[in-house]
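Next come the chains, spelled out residue by residue.
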Amino acid sequence: MLAFILAGAAALWLGGAFGGVKLCCRPVESYCWIKNPLLCRAGGFERPCDAAWRDDPVATCAAFLNNPFIIDRYRGRTAYQEDLVRDGDRAWVMLRFGDGEKMGFELCRNCRGWTVCAYCYPENCQCRG
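Bear in mind the structure is a predicted one, so any value in this text is a computation, not a measurement.

Explain the nonpolar core to me, please; I cannot follow it from the model alone.
The nonpolar side chains of soluble globular proteins are, as a tendency, buried together. Ranked by size, the top nonpolar core spans 17 residues in total, and within it Ile70, Val93, Leu95, Met103, Phe105, Leu107 and Tyr119 carry the most contacts. At the level of secondary structure, the elements contributing two or more residues to this core comprise α2 (57-64), β7 (90-97), β8 (102-110) and β9 (113-120). Considering every element that reaches this core, the biggest residue donor is β7, with four residues. When near neighbours in sequence (up to four residues on either side) are disregarded, methionine 103 contacts Leu65, Ile70, Tyr74, Val93, Met94, Leu95, Phe97, Tyr119, Cys120 and Tyr121. If you look at the next biggest cluster of nonpolar residues, it comprises eight residues, including Val28, Tyr31, Trp92 and Cys120.

Structure, rendered in structure tokens:
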């Protein structure tokens, strides 16, 4: 009986980091996220160094594609929402391009709106954690 209780507690603990959130039918922790280089440390909390705050998480991701550090073949392309999952002040977006490639985004929200905290390219979106 104790083994069943411990197994259940372990399952809750493992799923608790992201609350069991799935993006395109996969747990978000299975993606290889790249931290947004525009985030910086200030006053003990992370804040965006750019002013690209928006109310719409999908529009925030589309605008993020114009950054110079994004791989050229993805920069400025038209993308469509494949999936959007919100969980409080966090959101995960999967965008699909016309050729079927996908790019994932993890967003954070504060009183000013959404910003991209991390992103993953299709080759990085395939790896499992």
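Let's pick the thread back up.
What is the right way to read the confidence of the model for the protein chain from this model?
Reading fine detail from the predicted coordinates is not recommended where pLDDT is low. Summarising the model, the protein chain shows a mean pLDDT of 74, and 68% of its residues fall at 70 or more. Every residue in residues 1-17 is under pLDDT 50, and counting partners more than four places away or in other chains gives two contacts.

Quick question: what am I supposed to make of the pairing of β9 here?
On any regular strand, side chains alternate: one points to one face of the sheet, the next to the other face. With eight of eight residues buried, β9 is to be regarded as a mostly interior element. Bridge analysis of β8 against β9 gives seven bridges, and the strand direction is antiparallel. Bridge assignment links glycine 104 to a residue of β9, and that residue is cysteine 120. Taken together, β8 and the strand that follows it, β9, pair antiparallel across an intervening segment of two residues.

Cut-offs and rules
- Residues numbered from 1 in each chain as written.
- Predicted model: local features only at pLDDT ≥ 70, side-chain atom pairs only at ≥ 80, totals over all residues.
- Heavy atoms only, no water.
- Core = buried A, V, L, I, M, F, W, Y, C linked by side-chain atoms within 4.5 Å.
- Buried < 20%, exposed > 50% of the residue type's maximum accessible area, 1.4 Å probe, protein only.
- Helix = DSSP H or I, 4+ residues; strand = E, 2+ residues; numbered from the N terminus.
- Contact = heavy atoms within 4.5 Å.
- pLDDT = per-residue confidence, 0-100.
- Pairing = 2+ DSSP bridges.

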